[in-house]
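Remarks on the overall topology
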Amino acid sequence: MEAHVNVKLNFTEEIANSKEGGTEQQYPDDVTKPSQRKAEPVALLYELIEKTGINRWECAQVRSNKSVFERLNQEVAAAKMNEKPMKDNLYVAIEGDSPELWEQKKEALKTNSEKTRKGTLVMGEIGSFHFKNGKIKFRLKGIQQFFRMSEVQFRAMRTSYPRILRRIRKANGTLKNCRITFFGVISVGHICDVRIETMNLCLMSRDYIPCDSYLEVRVAHQLVKEGRKFLRVLRPMDVNSKYMADFELLDMGTRWVMEIFGMRTLEYLAVKKEKKIFWANTVGNNFWEWDVVNGLVKIPGFPPLPIVK
């Protein structure tokens, strides 16, 4: 795997402390070939998830933080990012790892100047958090310190991740029915203090299936409970298609797509109508839907497995 990612890892204190919330300062050694198109960090997260097959569920799997993030770390160790070893600029936090690994990483990032900070991408599962007076701090499994969000980042979280924020507010310090993966840039200064510069959050089911909403989490849980094989779709399966399903069943002997409709805006309802026409023309009747928009609060039954003769 070789990725070209639009990520900046060097900062100045003047910019990092600005009211705008830290526009990153890029150094020349962060730049790759001008002709290369760079993706955003969240695209790298989904690429790693697909490469490791975490979005694919087979029967009788048992997953843990250690098994999932060790697989991700193995992919990182073999990959390149912006023509350099990915592991140099992406730290994967794994539950059970020695605290010394994170301390060594921080020490390696430590700068000699009060005016500069050096950053790295960090990936890991949020293990615990504190939410008080509109401020959040959280700890990743495998790292024994809390990361604190700035006010700017918290406002951005309310805009970009309202569903995740709702799950955090409902929980009492620890999530029980879902998981959240952090994927962002932290920086370290001359006194080894840690600061979040940018962040992406990914909602996941208990079994680490990436989801966009808690409705999808519920469907993923039910599919696992019933022993089904399925794929959480992260990119369109059809060439040149602007639509992709939420899930696809892998145990039907033919293609079956799954869609969850849960919003009521006029724009969303118009897209919903177009998507249903698209899937009717693509897979015919091999289409399962959960139409929460129309008040169907219970997950509909999944299509029965084909009878093997």
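Data block above holds the structure.
Residues numbered from 1 in each chain as written. Predicted model: local features only at pLDDT ≥ 70, side-chain atom pairs only at ≥ 80, totals over all residues. Heavy atoms only, no water.

1. Side note on the overall build of the protein
Just so we agree on the cut-off: In DSSP terms, a helix is any run of H or I states spanning at least four residues, a strand is any run of E spanning at least two, and both are numbered starting from the N terminus. The buried label applies to any residue whose accessible area, calculated with a 1.4 Å probe on protein chains only, is under 20% of its type's maximum; exposed applies above 50%, and partly exposed to all values in between. Shrake-Rupley sampling with a 1.4 Å probe provides the accessible areas, and residues are treated as covered by the protein chains on show and by no other component.
A count of helical and extended segments in the protein gives eight helices and 16 strands. The 309 residues of the protein split such that 46% are buried. Summing over all exposed atoms, the protein offers an accessible surface of approximately 16,300 Å²; the carbon and sulfur share of this is 50%.

2. A short note on the sheet that holds strand 1 (residues 2–3)
To be explicit about the condition: By definition, two strands form a pair when at least two bridges between them are found by DSSP.
Taken together, three strands build an open sheet; the order of strands is 1-4-5 and the sheet is mixed. Both edges of this open sheet fall to strand 1 and strand 5 (84–85), since each of them pairs with a single strand only. Looking at chain direction, strand 4 (residues 80–81) and strand 5 are connected through two bridges and run antiparallel. Residue pairing in the sheet places Lys-80 in a bridge with Pro-85 of strand 5.

3. Notes on the side chain of Asp-246
The condition is simple: When charges are counted, Lys and Arg contribute as positive and Asp and Glu as negative, whereas His and the chain ends are disregarded. Salt bridges are identified by distance alone: a Lys or Arg side-chain nitrogen within 4 Å of an Asp or Glu carboxyl oxygen. Throughout, a residue-residue contact means that at least one pair of heavy atoms, one from each residue, lies within 4.5 Å.
Along the chain, Asp-246 falls in the loop between strand 13 (230–232) and strand 14 (247–249). Arg-232 provides the closest opposite charge to the buried, unpaired Asp-246, separated from it by 4.7 Å. Apart from residues no more than four positions distant in its own chain, Asp-246 is found in contact with Glu-216, Leu-231, Arg-232, Val-233, Met-258, Glu-259 and Ile-260.

4. Quick look at the nonpolar core
Test applied: By nonpolar core we mean a set of buried residues, namely Ala, Val, Leu, Ile, Met, Phe, Trp, Tyr and Cys, connected to one another through side-chain atoms within 4.5 Å.
Phe-138, Leu-140, Met-157, Phe-182, Val-219 and Phe-247 are the most contacted members of the largest nonpolar core, which totals 49 residues. Listed in part, the 28 residues of the second largest apolar core include Leu-45, Ala-79, Leu-90 and Val-185.

5. Points about unusual backbone geometry
Its identity as a non-glycine residue notwithstanding, Cys-192 has a phi of 65 degrees, on the positive side. Looking at the secondary structure, you find Cys-192 in the loop between strand 10 (179–188) and strand 11 (194–204). Positive phi, normally seen in glycine, also occurs at Tyr-208, with a value near 65 degrees. As for its position among the elements, Tyr-208 is in the loop between strand 11 and strand 12 (210–211).

6. As for the pattern of salt bridges
Once the charged atoms of two side chains with opposite charge are near each other, the side chains can pair. Throughout the structure, instances matching the rule amount to 15 salt bridges. Where Glu-248 meets Arg-255, a salt bridge forms, and the shortest distance between an N and an O atom there is 2.7 Å. A salt bridge links Lys-276 to Glu-289; the shortest N-O distance between them is 3.0 Å. Of this pair, Lys-276 sits in helix 8 (residues 266–283) while Glu-289 is found in strand 16 (residues 287–291), placing the two residues 13 residues apart along the sequence. For Lys-276, a relative accessible area of 32% corresponds to the partly exposed category. Overall, Glu-289 belongs to the partly exposed group, its relative accessible area being 24%. Several salt bridges share partner residues, and in doing so they unite Glu-47, Glu-50 and Arg-235 into one network.

7. Considerations on helix 6 (residues 162–170)
What counts is decided by this rule: The arc in question is formed by the directions pointing from the helix axis toward the C-beta atoms.
For helix 6, the full list of buried residues reads Ile-164, Leu-165, Arg-167 and Ile-168. Projected onto a plane normal to the axis of helix 6, the buried residues spread over an arc of 160 degrees and lie on a single side. Contacts made by the buried residues of helix 6 are with strand 7 (116–132), strand 8 (135–140), helix 5 (151–160), strand 10, strand 11 and helix 7 (214–225).

8. Things to note about the sheet that holds strand 3 (residues 56–57)
Put simply, the rule reads: Think of each axis as a best-fit line through the C-alpha atoms, taken over the contacting stretch in the case of a helix, with angles from 0 to 180 degrees between the N-to-C directions.
Taking strand neighbours across the sheet as the criterion, the five strands line up as 3-13-14-15-16 in an open arrangement whose pairing is mixed. Edge positions in the open sheet fall to strand 3 and strand 16, since each of these has one partner strand only. Direction of pairing for strand 13 relative to strand 14: antiparallel, over a ladder of three bridges. The residue bridging Leu-231 from the neighbouring strand is Glu-248, located in strand 14. Sheet strands touched by helix 7: strand 3, strand 13, strand 14, strand 15 (256–261) and strand 16. Its angle to strand 14, the strand with the most contacts, is close to 20 degrees. In the packing of helix 8 onto the sheet, the strands contacted are strand 15 and strand 16, and the crossing angle to strand 15 comes to about 170 degrees.

9. A short note on the state of the cysteines
We count it as follows: Pairs of cysteine sulfur atoms within 2.5 Å are identified as disulfides in what follows.
In the structure shown here, the tally under the stated rule is zero disulfides. Here Cys-178 is not disulfide-linked; the sulfur of Cys-211 is the nearest cysteine sulfur, at 9.2 Å. The exposure class assigned to Cys-178 is buried, which follows from its relative accessible area of 5%.

Geometric descriptors of this kind do not, in isolation, establish any biological role.
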